[in-house]
Structures are given as C-alpha cells and as structure tokens.
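Next come the chains, spelled out residue by residue.
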Amino acid sequence: MRNLWKTLKLAILSAALLVGTASAFAEKNENLEDLSFAELVNSVNLGKQTDLVRKFQDKEATTVLLRNKAVGENSPCAIDAVRNKEVLVVTIPANLLFGPNQTELLETADKYLEPFKRYLKEPDLYRVLAVMHTDNTGSEAYREKITIDRAQAVADWFENNALDTSFFFPFAMADDIPLVPNDSYSNREKNRRLEIYLVPGEAMIEKAKKGRIAL
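Here is a short report on the structure shown in this document. Residue indices begin from 1 for each chain and proceed along its sequence in written order. With pLDDT at 70 or above as the cut-off, local features in this predicted model cover only qualifying residues; side-chain atom pairs require 80 or more to be listed or tallied, and sums for whole chains, interfaces and linings still use all residues. Where side-chain values are given, they derive from all heavy atoms of the structure, hydrogens and water being excluded.

## A look at the overall build of the chain
When its secondary structure is counted, the chain shows 7 helices and 5 strands. Helix and strand assignments follow DSSP, with helices taken as H or I runs no shorter than four residues and strands as E runs no shorter than two, numbered in order from the N terminus. Each helix (α) and strand (β) of the chain, taken in turn from the N terminus, gives the series α-α-α-β-β-α-β-α-β-α-β-α. To sort residues, take the accessible area from a 1.4 Å probe on protein chains only and compare it with the maximum for the residue type: under 20% means buried, over 50% means exposed, and anything in between is partly exposed. Among the 215 residues that make up the chain, the fraction classed as buried is 51%. Throughout, a residue-residue contact means that at least one pair of heavy atoms, one from each residue, lies within 4.5 Å. Considering only residue pairs separated by 6 or more positions, the chain has 73% of its internal contacts joining residues 24 or more positions apart.

Here it is, written out as structure tokens:
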C-alpha cells in the first residue's frame, strides 16, 4: 500500500502545470512515485501525437464523463481540460465524499469514484492523480493531516476494488491552491475538493502511433 506523501506548494504549480507543453520528466526506467505532482502532470511528451491525443481526450470528456450521472453535466462536479487540453480534470466537492472533518469515505462516495475505475484498467494508458484540497480553517498541521488522510482513503478505495494502482498517484495539497478566496462559507466549501487528473500515459502514445485510438 502506498503511503502519503507529498505536499506541493503553489510556486511549483505556477511554474510547471498549466502552461506550455509537456516535458519528458520521466525517463523510461524512472520511478514515477518519486516525481512531484507537477512533474507527473507533465511526465509524457506527446510529440507528434499531440493533436490526436487532444481529440481523444475531448471525446472522452464529451461522450463519457459529461454523460455520467455521478460526475457529468448535471452533477455538482466539474470537468475541465488543462495543459493545452491534453489533461482532463474532474473536480468533486469534498462533501460528496466525506462528512465534516471526517476522513472515512461516505457510503455514497462509491458512485463518485466508480467512473474512474475505467482509467486504471490498462497499465499506463492514463496516469491518474487524485489531489485532495481543503480550505484555510484550522491549524496548518490539521489542514495537512486531513488532506493526507482523505487522499489515503481515496487511494485505499481504488486498491480495495482490486484495481492495478501502479499508475494511480494521490497527493495532499492542504489549502495551498484555493479555487477562490477563503472569505465566505460558500467559497470555503468550493475549496474543499478532490481533483482527479487524467494524464495521457505512454500506452496512449503508443496506441496513437499505431492508429489504435478510436475517435
């Protein structure tokens, strides 16, 4: 079982996450678990397959994720594309997964995590990052601990569902990256969230090279 982990600061994100194209941080034999969050998001260089992968990701978002009853268009979740629309991000409000100040998943949390099992069925087709955030209430130690424990709970759920989690990477961000200012109850609620990043893996690139990606 993988243990947590890594708390990433905003400076790393602003430098490496949402701008530019992917850099080849991960060499073939490098241990992906040693990479930072930003490095993992940028860990595969799409090269000449960039346009094809973007189209594939757009199709995945529109024909699969947005149509899913739990996380799709009419749900409280949000679906976005980052890194030049190469990476999909699904944001799930924390209150759909955990009770207030709790780190054990709700019984109803399954339906929000189930849609992502498909992305772990083929090794390195995707690199799936589960990034837990909170608001700025409580001490710094408390904020870090609750996101660590919650990220671990999500990781345990995927492992307990007999999935290959070799390419699943949880991260605990505490309150380092708020979506909105923590200046109201509703804003703090928005900042308490799980973000699931669907990053194209090497297997997707190889499929694209061989014309085996279905569009």
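Continuing now.
## Describing unusual backbone geometry
In this model, Lys85 sits at a positive phi of 65°, which is unusual for a non-glycine residue. Counting through the fold element by element, Lys85 comes out in the loop between β1 (78-82) and β2 (87-93). What makes Lys85 exposed here is its relative accessible area of 60%.

## Focus on the nonpolar core
Remark: nonpolar core denotes a set of buried residues (Ala, Val, Leu, Ile, Met, Phe, Trp, Tyr, Cys) joined through side-chain atoms within 4.5 Å. With 45 residues, the main nonpolar core has Ile92 and Phe116 as its most contacted residues. Contributions of two or more residues to this core are made by α3 (50-65), β2, α4 (110-113), β3 (126-133), α5 (140-160), β5 (193-200) and α7 (202-209). With 6 residues, the single largest contributor to this core is α5. Not counting the four nearest positions on each side in its chain, Phe116 is found in contact with Leu65, Val71, Val90, Ile92, Phe158, Ile196 and Leu198. Among the nonpolar cores identified, the runner-up in size contains 17 residues, and Val41, Val131, Ile177 and Tyr197 belong to it.

## Here we look at the pairing of β3
Along β3, 8 of the 8 residues are buried, which leaves the element largely enclosed by surrounding structure. Alternating positions in β3 separate into two faces, Tyr126, Val128, Ala130 and Met132 on one and Arg127, Leu129, Val131 and His133 on the other, with burial throughout. When DSSP finds two or more bridges between two strands, those strands count as paired. Note: β3 against β5, 8 bridges, orientation antiparallel. Opposite His133, over in β5, you have Arg193 as the bridge partner. Pairing between β3 and strand β4 (residues 168-172): 5 bridges, direction parallel. What sits directly across from Val128, in β4, is Phe168. Crossover handedness is defined by viewing with both strands directed away from the observer: a clockwise path from the first strand over the helix to the second marks the crossover as right-handed. Handedness of the β3-α5-β4 crossover: right-handed.

## Focus on α3
Within an α-helix, residues lying three or four positions from one another point in the same direction, as the helix has 3.6 residues per turn. Here the expected span of a helix is defined as 1.5 Å times the quantity of residues minus one. End to end, α3 covers 21 Å across 16 residues, agreeing with the expected 22 Å (1.5 Å per residue, within 8%). Taken residue by residue, α3 has Thr50, Val53, Phe56, Gln57, Glu60, Ala61 and Leu65 as its buried positions. Here the buried residues of α3 occupy an arc of 135° about the axis, which is enough to place them on one side. Of the exposed residues in α3, the ones pointing more than 90 degrees away from its buried face are Asp51 and Lys55. Where the residues of α3 are buried, they touch β1, β2, β3, β5 and α7. The reported arc concerns the directions from the helix axis to the C-beta atoms and nothing else.

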